Amino acid sequence: MIKKIIKSNKSLFFMALKFKENKLKPREKIEEPLNNYLQTLYKDGVVVIPDFFTEEECKNMIDAYESIDKKYVKYYENDKRIFGIEKISPIHKRLFHDNNDFKKIGEAYLGDDLVLQTTMAAKITTDNNQKFGSGGSWHRDSFSRQFKAIAYLSDVEMSNGPFMYIKGSHTLKNIKKVLFKLRNHKPISSFRYNDDEIKECCKILDSEISYFTAPKGTLILADIRGLHTGMSIEEGHRYAVFNYYIAKSFHQTNNNIEKLANY
Ligand SMILES: [Fe+2]
């Protein structure tokens with residue numbers, strides 16, 4: 001009942017977000033170049049690290065993904081996902097799941113220990129019926145700060161479903177602006193936004209949509225409480241791998257990560 005009242009009142013809803021945010025205290029500086037990435041993450045909500053994986057590493061991860069028994073694959077329209085791939089693919093575990101730098105940046109950013117909820121590898125292919133790429137329409141994964149690492153294992157041009165993000169939409173200050181200025185967004189706690197609302201959000205935040213086209217091997221770190229989606233894929237395919245982290249204080253052991261990652 002109390003939750004329902006909070007979620008229907010903008011001021012109370014924002015106070016609750018602020019209270020939750022205050023529980024997290026950013027940690028002291030971390031070493032370079034990680035600190036540089038961290039500062040960009042604070043400012044923009046997203047940071048791109050080129051050449052994180054070599055061509056050979058990308059190829060080896062794709063080959064490992066393709067050789068996995070189909071019984072492990074979950075099909076979401078044109079998106080083939082393998083959750084918990086680190087348990088069945090040693091190379092995904094070694095190169096991606098166990099990466100300590102992501103964890104360091106994420107822990108400094110969220111100000112808490114991190115729980116890696118899952119490592120998920122996915123291949124999306126062309127489907128003319130899909131308006132968006134992986135994750136569906138524009139959304140926030142939640143109103144709590146979240147952290148996700150994404151690596152492109154194949155080249156991603158505008159036609160291959162690039163990640164899209166509105167820089168700056170992750171900060172509490174800007175969440176407040178959108179909450180109070182966006183007209184007719186109902187319910188106010190909804191994570192999903194239609195195209196007209198996204199145009200309005202860009203005006204409110206004096207920002208614009210960034211399209212993350214990049215060559216294979218590129219790593220993207222993002223606070224996915226910022227507004228984001230994936231562009232629909234017009235041709236070819238896109239191989240990518242994802243780590244979904246959450247602050248330990250917000251982790252619920254009964255989380256349905258497959259549902260969460262569907263955002
Ligand atoms: Fe998402």
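Just so we're clear, the structure is a prediction, and the values are computed from it rather than from any experiment.

The rules we used
- Residues numbered from 1 in each chain as written.
- Predicted model: local features only at pLDDT ≥ 70, side-chain atom pairs only at ≥ 80, totals over all residues.
- Heavy atoms only, no water.
- Helix = DSSP H or I, 4+ residues; strand = E, 2+ residues; numbered from the N terminus.
- Rg over C-alpha atoms; globule rule 2.2 N^0.38 Å.
- Buried < 20%, exposed > 50% of the residue type's maximum accessible area, 1.4 Å probe, protein only.
- Areas by Shrake-Rupley, 256 points an atom, 1.4 Å probe, with all protein chains shown as cover.
- Lys, Arg positive; Asp, Glu negative; His and termini not counted.
- Charge placed at Lys NZ, Arg CZ, Asp CG, Glu CD.
- Core = buried A, V, L, I, M, F, W, Y, C linked by side-chain atoms within 4.5 Å.
- Contact = heavy atoms within 4.5 Å.
- Axes fitted to C-alpha atoms, helices over the stretch in contact; angles between N-to-C directions.
- Parallel < 35°, antiparallel > 145°, perpendicular 65-115°, else oblique.
- Left-handed = near helix turned anticlockwise from the far one by under 90°.
- Phe/Tyr/Trp six-rings, centres within 6.5 Å; stacked < 30°, edge-to-face > 60°.
- Pairing = 2+ DSSP bridges.
- Disulfide = S-S within 2.5 Å.
- Polar contact = N/O pair within 3.5 Å; in protein donor to acceptor, adjacent residues only side chain to side chain.
- Salt bridge = Lys/Arg side-chain N within 4 Å of Asp/Glu carboxyl O.

Trainee: Quick question: what am I supposed to make of the overall build of the chain here?
Mentor: Scanning the chain from terminus to terminus reveals 9 helices and 10 strands. By the compact-globule yardstick of 18 Å for 263 residues, the chain fits well, its C-alpha radius of gyration being 18 Å. Based on the C-alpha atoms only, the size of the chain along its principal axes is roughly 50 × 45 × 35 Å. For the chain, the residues scored as buried account for 53% of the 263 residues in total. Total accessible area on the chain stands at roughly 13100 Å², and carbon and sulfur atoms take up 51% of it. For the chain, the separation between the mean place of its 42 positive charges and that of its 34 negative charges on side chains is 9 Å.

Trainee: It is not clear to me how the nonpolar core should be interpreted in this structure. Could you clarify?
Mentor: One recurring pattern in soluble globular proteins: nonpolar side chains tend to sit buried together. F96, I105, F147, L219 and L221 are the most contacted members of the largest nonpolar core, which has 40 residues in total. If sequence neighbours within four positions are ignored, F147 has contacts with L41, F102, I105, G106, L110, L114, L221, A222, I224, N243, Y244 and Y245. Of all hydrophobic cores here, the second largest spans 20 residues; its members include L17, L172, I198 and L205.

Trainee: So what exactly am I meant to see when it comes to the packing of helix α4 (residues 55-67) against helix α5 (residues 90-97) here?
Mentor: A packed helix pair is summarised by two numbers, namely the angle formed by the two axes and the spacing between the axes. Across the interface, α4 lies against α5 with an axial gap of 9 Å and an inter-helix angle of 135°. As judged from the angle between their axes, α4 and α5 are oblique. When you trace α4 past α5, the crossing you get is left-handed. Mapping the contact onto sequence places E57, N60, M61, A64 and Y65 in α4 and I91, H92 and L95 in α5.

Trainee: Could you clarify how one ought to interpret the packing of aromatic side chains in this entry?
Mentor: One pair of aromatic rings is described through two measures. These are the centre distance and the angle between the planes. Counting across every chain of the model gives 13 aromatic pairs. An angle of 50° between the planes, with centres 6.1 Å apart, marks the rings of F53 and F96 as tilted. Of the two residues, F53 sits in the loop between β1 (46-49) and α4 while F96 sits in helix α5, which places them 43 residues apart along the sequence. Comparing F53 with F96, the two get one shared label, buried. For the ring pair Y65 and Y239, a centre distance of 5.8 Å and an interplane angle of 85° mean the geometry is edge-to-face. Taken together, the positions of Y65 in helix α4 and Y239 in strand β10 (residues 237-247) put the pair 174 residues apart, joining distant regions of the chain.

Trainee: What exactly am I supposed to notice about the sheet that holds β1 here?
Mentor: The strands making up a sheet associate through hydrogen bonds between their backbones, and the pairing can be parallel or antiparallel. Strands sit in the order β1-β8-β5-β10-β4-β3-β2 across an open sheet of 7 strands; the sheet is antiparallel. Looking along the sheet, the strands with just one partner apiece sit at the ends: β1 and β2 (74-76). Taking each pair of neighbouring strands and ignoring which way they run, the sheet shows an average axis angle of 20°. Pairing of strand β4 (residues 114-125) with β10, which is carried by 11 bridges, proceeds in the antiparallel orientation.

Trainee: Is there a simple way to explain the side chain of S89 in this structure?
Mentor: Mapped onto the secondary structure, S89 falls in the loop between β3 (79-83) and α5. Judged by its relative accessible area of 2%, S89 is buried. Not counting chain neighbours up to four residues away, the residues in contact with S89 comprise A64 and I68.

Trainee: What should I look at first to understand the state of the cysteines in this one?
Mentor: Put plainly, two cysteines are in a disulfide when a covalent bond ties their sulfur atoms together. The full count for this structure, using the stated rule, is 0 disulfides. With no disulfide of its own, C202 lies closest to C201 among cysteine sulfurs, the gap being 7.0 Å. Assessed through its relative accessible area of 12%, C202 is described here as buried.

Trainee: Looking at this model, I keep getting lost on helix α8 (residues 195-205). Mind explaining?
Mentor: Three or more residues of α8 are buried, namely E197, I198, E200, C201, C202, I204 and L205. Against the buried residues of α8 lie β6 (163-166), α7 (172-181) and β7 (209-212). Taking the backbone nitrogen of D196 as reference, a side-chain oxygen 3.1 Å away marks N194 as the first, capping residue of α8. In the segment just after α8, D206 is the residue with positive phi, at about 50°.

Trainee: Got a minute to help me understand the pattern of salt bridges in this structure?
Mentor: Two side chains of opposite charge can pair, provided their charged atoms sit close to one another. Following the criterion strictly, the structure yields 10 salt bridges and no others. Residue E55 pairs with K216 through a salt bridge whose shortest N-O separation is 3.9 Å. You can see E55 sitting in helix α4 and its partner K216 sitting in the loop between β7 and β8 (219-222), a full 161 residues away along the chain. On the basis of relative accessibility, which here comes to 59%, the residue E55 falls in the exposed class. Measuring nitrogen to oxygen at the nearest pair gives 2.8 Å for the salt bridge that ties D63 to K59.

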